[in-house]
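The lines below spell out each chain.
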Amino acid sequence: CGAPGSVSGGNGSWDVSGGTTYTSVAVPLSCSPGYDEVPSSATVTCTSAGTWSADPTNSATGQCQIQTCAGLSNPAAGSWSCPSGTDVGDTCTLSCNTGYSANGATSTSCMAGPAWDGNEGTG
């Protein structure tokens with residue numbers, strides 16, 4: 001079958017370590033850290049006709065989607081602002097109401113997992 005081609009959207013690859021011939025095992029999708037396989041456990045297989053069982057470059061076959069952290073709870077005397085969103089790599093900042101100061105960090109970043117980096121301060 002040859003190389004299966006690029007994963008739709010990038011951020012991953014087809015793991016051909018098991019081979020790319022008709023007698024090979026199914027070729028799984030392997031995503032970069034911070035990305036999830038969609039659908040989960042996506043695979044393609046080389047058929048007896050020498051073609052892939054599904055188009056490996058088609059997003060319906062498999063793609064790697066960025067992970068998203070859960071929303072942050074606002075403290076009683078402040079609020080979190082996430083202007084870029086809550087995907088892996090995004091940073092949120094804490095603003096305190098007038099007369100209040102932060103207890104802890106005033107910014108936190110979404111990390112692979114997904115999970116916040118643990119620096120969520122309170123107002």
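Not measured: the values here are computed from a predicted model. Every chain is numbered independently, its residues counted from 1 as its sequence is written. Owing to the predicted nature of the model, reporting of local features is limited to residues with pLDDT of at least 70; listing and counting of side-chain atom pairs is limited to 80 or more, with chain, interface and lining totals taken over all residues. By convention in this description, side-chain values take in all heavy atoms of the structure and omit both hydrogens and water.

**Student:** An account of the overall build of the chain is needed here, citing residue identities and associated values.
**Tutor:** Starting at the N terminus, helices and strands are each numbered in turn, a helix being any DSSP run of H or I of at least four residues and a strand any DSSP run of E of at least two. Of the regular secondary structure elements, the chain holds zero helices and nine strands. Taken from N to C terminus, the helices and strands of the chain fall in the order β-β-β-β-β-β-β-β-β. A compact globule built from 123 residues should have a C-alpha radius of gyration of about 14 Å, whereas the chain, at 21 Å, is more than 25% larger. Principal-axis analysis of the C-alpha atoms places the extent of the chain at approximately 70 × 20 × 15 Å. Each of the 123 residues in the chain was classed as buried or not, and the buried ones make up 25%. Across the chain, every contact between residues at least 6 apart in sequence was considered, and the portion connecting residues at least 24 apart equals 42%. We compute the radius of gyration from the C-alpha atoms alone; for a globule the expected value is 2.2 Å times N to the 0.38, where N is the number of residues. The buried label applies to any residue whose accessible area, calculated with a 1.4 Å probe on protein chains only, is under 20% of its type's maximum; exposed applies above 50%, and partly exposed to all values in between. Any two residues whose heavy atoms approach within 4.5 Å at even a single point are treated as in contact.

**Student:** Describe the pairing of strand E2 (residues 27–31), listing the residues and the values that go with them.
**Tutor:** Side chains of E2 alternate between two faces, with Val 27, Leu 29 and Cys 31 buried and Pro 28 and Ser 30 left unburied. Pairing between strand E1 (residues 12–14) and E2: three bridges, direction antiparallel. Within E2, the position partnered with Trp 14 by the bridge is Leu 29. By this definition, two strands are paired if DSSP reports at least two bridges between them. Taken together, the two bridges between E2 and strand E4 (residues 43–44) define a ladder with antiparallel strand orientation. Note on E4: the bridge partner recorded for Val 27 is Val 44.

**Student:** Kindly report on the sheet that holds E1, identifying the contributing residues and their values.
**Tutor:** Taken in spatial order, the three strands make up an open sheet running E1-E2-E4, and their pairing is antiparallel. Each edge of the open sheet is held by one strand with a lone partner, namely E1 and E4.

**Student:** Explain the sheet that holds strand E7 (residues 91–96) to me, using residue names and the numbers behind them.
**Tutor:** The four strands are arranged E6-E7-E8-E9 in an open sheet whose pairing can be described as antiparallel. Lying at the two open borders of the sheet, with one neighbouring strand each, are strand E6 (78–81) and strand E9 (115–116). Pairing of strand E8 (residues 107–111) with E9 involves two bridges; the strand directions are antiparallel. For Met 111, the partnering residue across the bridge sits in E9 and is Ala 115.

**Student:** Outline the state of the cysteines, supporting the account with residue identities and numerical values.
**Tutor:** Any two cysteine sulfur atoms lying within 2.5 Å of each other are counted as a disulfide. Enumeration over the complete set of coordinates arrives at four disulfides. The disulfide that involves Cys 1 links it to Cys 46, with 2.0 Å between the sulfurs. Between Cys 1 and Cys 46, the disulfide has an S-S torsion of 90° and is therefore right-handed. With a gap of 45 residues between them, Cys 1 in the segment before E1 and Cys 46 in the loop between E4 and strand E5 (63–66) connect regions that are remote in the sequence. By relative accessible area, which is 32% here, Cys 1 ends up partly exposed. Bridging Cys 31 to Cys 64, the disulfide has an S-S length of 2.2 Å. Because the torsion about its S-S bond is -85°, the bridge between Cys 31 and Cys 64 counts as left-handed. Highlighted residues: Cys 31 in strand E2 and Cys 64 in strand E5, separated in sequence by 33 residues. Taken individually, Cys 31 and Cys 64 each receive the classification buried, so the pair is uniform in this respect.

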